[in-house]
Amino acid sequence: MRATAKAQPNIALIKYWGKRDTRRNLPAVGSISITLADLYTTMSVAFDKSLGADVLVVNGADDSSMLPRVSRCLDNVVGADRAHARIESESNFPIAAGLASSASAFAALVVAADAAVGRENTSAQLASLAGQASGSAARSLYGGFVELKNAGGDIIVSELRGRDDWPLRVVVAVTATGPKPVGSTEAMEASRNSSPFYDRWIEQQDADLDEARVAISGKDFARLASVAEHNCLKMHSVMWGSRPPMIYWNSTTLACMQTIRELQSAGVAVFFTIDAGPQVKAICKPEDEAAVQQALAATSGVEQVLVSGLGQGAVQINDD
Ligand code: 2P0
């Protein structure tokens, strides 16, 4: 009744922002992401009839803040009549800071819970279950380039291209650590309810998805760079237009964007994307990784630079 799984965060190149069904946590738009390799969360789930309640330990410390979502996710995977569980989560990167820690956490959680009770849900079923807990988590079940599509009353997640097929690199500039001021779920609802740009965002998403799919299929870096930056800035424009406004950037976020513009002007194949947090993710070709890493590390205000290749998605691992 115990199992452990490992999953990586993913970085959306065409973003999920907005829900069409809050109860079932269904996204209003499709999205395309890349799964990372070197940032990860390991999650152990041990069901134990002697426990009086679920217990969640995050990076060695009791954490009750995420427990309701975690417990609900376990109910969805295993059934509400399950035994209580001790859940232990460890991440090797800052959590709740716009580095998609909920994606890696819930992807690992569904795989571990499913394995702990000896079931063999398919990846598609597990992706759907992870998505109910956190929309972006559905994408972390798969590796490489991943697309999430809306399909009827559910989602369908699939790998568009393998990680070894187009081995791009990701350089993350950490500009601030610590939890973000407003969680994604609340911020998305603020955008839906009040941003004058929200409807246009939804209307245009299919065109961006089509363009990104073509770029990924043809390994057309310049085209992917152009549509990904456009989609990212459009999503942040939706957020900035919300009341109250949702501004996740800080001055170092802008400095990093400027660094990336300078690299681009010097002929480096790199582009940026930014999620619901102040970190800047630079995507580049392997031959440019050192230059990108160096330039971001030298940007004033950057606290830490993390680098990663593309990963394989959530898997069960052996318990110690
Ligand atoms: C994404 N983000 O596509 C977008 C871009 C943040 C900005 O998915 O409400 O934590 O739990 O389904 O998955 C972050 O949102 O949101 C996210 P919920 P989630 O990666």
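Preceding this paragraph is the structure being described.
My aim in this report is to walk through the structure given alongside it, one point at a time.

Analysis parameters
- Residues numbered from 1 in each chain as written.
- Predicted model: local features only at pLDDT ≥ 70, side-chain atom pairs only at ≥ 80, totals over all residues.
- Heavy atoms only, no water.
- Near = heavy atom within 4 Å.
- Polar contact = N/O pair within 3.5 Å; in protein donor to acceptor, adjacent residues only side chain to side chain.
- Areas by Shrake-Rupley, 256 points an atom, 1.4 Å probe, with all protein chains shown as cover.
- Helix = DSSP H or I, 4+ residues; strand = E, 2+ residues; numbered from the N terminus.
- Nonpolar A, V, L, I, M, F, W, Y, C, P; charged D, E, K, R; others polar.
- Domains from an automatic or database assignment.
- Phe/Tyr/Trp six-rings, centres within 6.5 Å; stacked < 30°, edge-to-face > 60°.
- Buried < 20%, exposed > 50% of the residue type's maximum accessible area, 1.4 Å probe, protein only.

As for the site of the ligand
Surrounding the ligand, one finds 19 residues, the nearest of these being Tyr 16, Lys 19, Gly 135, Ser 136 and Thr 185. A distance of 2.5 Å is found between an oxygen atom of the ligand and a side-chain nitrogen or oxygen belonging to Lys 19. In this structure, Thr 185 approaches the ligand through a side-chain N or O atom, which is 2.6 Å from an oxygen atom. Summarising the interface, the protein chains cover 93% of the accessible area of the ligand, which totals 470 Å² for the free molecule. It is helix H4 (residues 184–194) that contributes the most residues to the shell around the ligand, three residues altogether. Split by residue class, the shell around the ligand holds seven nonpolar, seven polar and five charged. Each of domain 1 (2–162) and domain 2 (169–308) accounts for three or more of the residues forming the shell around the ligand.

Considering the packing of aromatic side chains
Counted by the stated rule, this structure contains three aromatic pairs. Pairing Phe 145 with Trp 166 gives two aromatic rings, centres 5.5 Å apart and planes at 15°, and the pair type is stacked. Taken together, the residues span a long stretch of sequence, with Phe 145 in strand S10 (residues 145–151) and Trp 166 in the loop between strand S11 (154–161) and strand S12 (169–174) at a distance of 21 residues. Judged by relative accessible area, which is 0%, Phe 145 ranks as buried.

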